[in-house]
Structures are given as C-alpha cells and as structure tokens.
Amino acid sequence: MAKDEMWHGIPRKDIPWFPAVDTDACIGCSLCFTTCGRGVYEMKENKAVPVKAMSCMVGCSTCGTVCPVAAISFPDRDLIWKLEREHKIFKVVREEAKEKKAKQDAAKARASAEDAVAKLTTHVRFEAAGEFGEKRFLVQMGELVKGRPYDFVNLRMDVPTVQGARQNTPSFMSFDVTSTEQEDIQSFLSEVRDLIRRNGLTLVSENKL
Ligand code: SF4
Ligand code: SF4
C-alpha cells in the first residue's frame, strides 16, 4: 500500500473521517470547495458534495469550521483518539518525525550553504571610460590575471569613431571580473580599480552581479 494511503501506519480506508454535508442547510457559497486543499469537494447544482471523501486529511475539520451555516459535520474526535490508542501509532510517528527532522535539517543546511555562496562576490561588472588607444590596456588585463584564479569576461569596447580613436577621443569599455573557481573576488577588485586608475581612465561604475 502506498505511503500516502496510510495514516501513521493505519490504512486510510479503515478510518471513517470525512465531512458530511447537510444539503438542505447548504447555501452553495462554495467556501468549503475553495478552502479544501485536498480536492475533496465538487459543487453540484449549487451544493457542496464531498466526492473524494477519503482524500480528507484525518483530523482536519477546516471546511466545517468555516461553513457559514454549519452544514458540514465530522465524526466525534474520540474516534481519532481511539484509533491512536488501538493501533499504537506513536512508534510509527516517532520514526516519521525522525525522517521529517532529517529532511528539515538537510533543507536548512542546503539553504545556509546557498546563502553563504550568495554572499560571496564572484562576479562584478566594471565600466570605464577614457583613452584606451595606446595604453595596451588589454595586455595589462591579461597580465593581471595570468596564473591566477580570476578572469575578465564579456569585454565590450565602444569606440565612437575610428578617426576619433586616432585622435585619442574617449572610448567606453565594460567588462566583468569573475572567479574561475567560484571564490570570493573582493581582494582582487582593488587591483582592477588600480589598473584603471594607473591608465588614467575613469571608473564609471562597478556593480556586483
Ligand atoms: S461552506 Fe457550507 S454552505 Fe458553503 S458550500 Fe460548503 S457546505 Fe455549503
Ligand atoms: S476537513 Fe480539511 S481536508 Fe477534509 S474536506 Fe474539509 S478542508 Fe478538506
């Protein structure tokens, strides 16, 4: 029997817990139909009908609570307590709780690892402007990352005119600084800023991606 057909070790089909609708009292407001997350109800001729009664969650009585005319009833709560005692479900519950806690802990650990990675700075976009023409700026960028776990990617150069470039008209360059090992690059960024400054260029913007 599939796990979701069981309730803490008891076959769901052996548990008579489901809503009963007094169709005379039902005013067809659909609140139970829209509230139930288990798809228990269908609306038929403006009345709520529990067509999948055994999909009802054992112990839940939410639809009965919200029904504005108290048209929905459930078995007595003693029924659940009696089943818990008779079937000695708490051994199963303890195992289920252990499993659930392990899953929760794993999810928390995963979230905190993802959080730590998100806090790392591994990708920063720079924009710089000025005269790049004779400064061999690209060569210097290459030298800066040579043999190191960094790289410059997505380089874009915007040269307004070729004639202008010859006459040292300011150009615009953007590039991303990345880590080739997904490590934090904060300490390297000051070297990049320094490179821009040394070349007499203007740092237009610097944004973490
Ligand atoms: S909430 Fe009550 S009145 Fe509204 S449809 Fe359901 S049974 Fe009927
Ligand atoms: S008691 Fe809960 S699970 Fe059962 S039919 Fe109502 S809302 Fe759905």
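None of these values were measured; they are calculated from a predicted model.

**Q** Got a minute to help me understand the overall build of the protein in this structure?
**A** In terms of helices and strands, the protein carries seven helices and 10 strands. The principal-axis extents of the C-alpha atoms in the protein amount to approximately 90 × 45 × 25 Å. Expressed as a percentage of the 209 residues in the protein, the buried residues total 26%. Of the contacts formed within the protein by residues at least 6 apart in sequence, a portion of 67% connects residues at least 24 apart. Entry remark: accessible area of the protein is about 13700 Å², with carbon and sulfur atoms responsible for 53%.

**Q** Hey, could you run me through the site of ligand 2 in this one?
**A** Taken together, Pro19, Cys36, Arg38, Val40, Tyr41, Cys56, Met57, Cys60, Ser61, Thr62, Cys63 and Phe74 make up the full set of residues near ligand 2. For the shell around ligand 2, the per-class residue count stands at nine nonpolar, two polar and one charged.

**Q** What is the right way to read the packing of helix H5 (residues 137–145) against helix H7 (residues 186–198) from this model?
**A** Working note: a packed helix pair is described by the angle between its axes plus the distance between those axes. In contact at an axis separation of 11 Å, H5 and H7 are set at 155° when each is read in the N-to-C sense. Viewed along their axes, H5 and H7 adopt a mutual orientation that is roughly antiparallel. Handedness of the crossing formed by H5 with H7: right-handed. Contact residues: Phe137, Gln140, Met141, Leu144 and Val145 in H5; Phe188, Glu191, Val192, Leu195, Ile196 and Arg198 in H7. Split by residue class, the contact of H5 with H7 holds eight nonpolar, one polar and two charged.

**Q** Is there a simple way to explain the site of ligand 1 in this structure?
**A** Contacts to ligand 1 come from 13 residues, most closely from Cys26, Cys29, Ser30, Cys32 and Cys67. Of the residues in the shell around ligand 1, the class split is 11 nonpolar, two polar and no charged.

**Q** Got a minute to help me understand the pattern of salt bridges in this structure?
**A** Where charged atoms of side chains with opposite charge meet at close range, the side chains can pair. Applying the stated criterion across every chain, the model contains 11 salt bridges. A salt bridge links Asp14 to Lys13, with the shortest nitrogen-to-oxygen separation between them at 3.3 Å. Here Lys13 falls in the exposed class, since its relative accessible area comes to 57%. A salt bridge links Asp194 to Arg197; the shortest N-O distance between them is 3.2 Å. Separated by three residues within a single helix, Asp194 and Arg197 lie in helix H7, roughly one turn from each other. A relative accessible area of 30% means that Asp194 is categorised as partly exposed.

Criteria and cut-off values
- Within each chain, residues carry numbers counting from 1 in the order of the written sequence.
- Ligands are numbered from 1 and chains lettered from A, in the order in which they are written.
- Totals for whole chains, interfaces and linings use every residue, but because this is a predicted model, local features are given only for residues with pLDDT of at least 70 and side-chain atom pairs only at 80 or more, for both listing and counting.
- Think of the side-chain values as coming from all heavy atoms in the structure, minus any hydrogens and water.
- Here a helix means four or more residues in a row that DSSP labels H or I, a strand means two or more in a row labelled E, and each is numbered from the N terminus.
- Per-residue accessibility, obtained with a 1.4 Å probe over protein chains only, is compared with the maximum for each type, and a residue is labelled buried under 20%, exposed over 50%, and partly exposed between these values.
- In what follows, a contact means two residues having at least one pair of non-hydrogen atoms within 4.5 Å.
- With residues, only the protein chains shown are counted as cover, and all accessible areas are computed by Shrake-Rupley using a 1.4 Å probe.
- A molecule or strand has a residue near it when one of that residue's heavy atoms lies within 4 Å.
- Residues are sorted three ways: Asp, Glu, Lys and Arg are charged, Ala, Val, Leu, Ile, Met, Phe, Trp, Tyr, Cys and Pro are nonpolar, and all the rest, Gly among them, are polar.
- Only the stretch in contact is used when fitting a helix axis, every axis being a line fitted to C-alpha atoms; angles between N-to-C directions are given from 0 to 180 degrees.
- Roughly parallel means an angle under 35 degrees; roughly antiparallel means over 145; roughly perpendicular covers 65 to 115; every other angle is labelled oblique.
- By the definition used in this description, the sense in which the near helix is turned from the far one sets the handedness, with an anticlockwise turn below a right angle giving left-handed and a clockwise turn giving right-handed.
- A carboxyl oxygen of Asp or Glu within 4 Å of a side-chain nitrogen of Lys or Arg is what we treat as a salt bridge.

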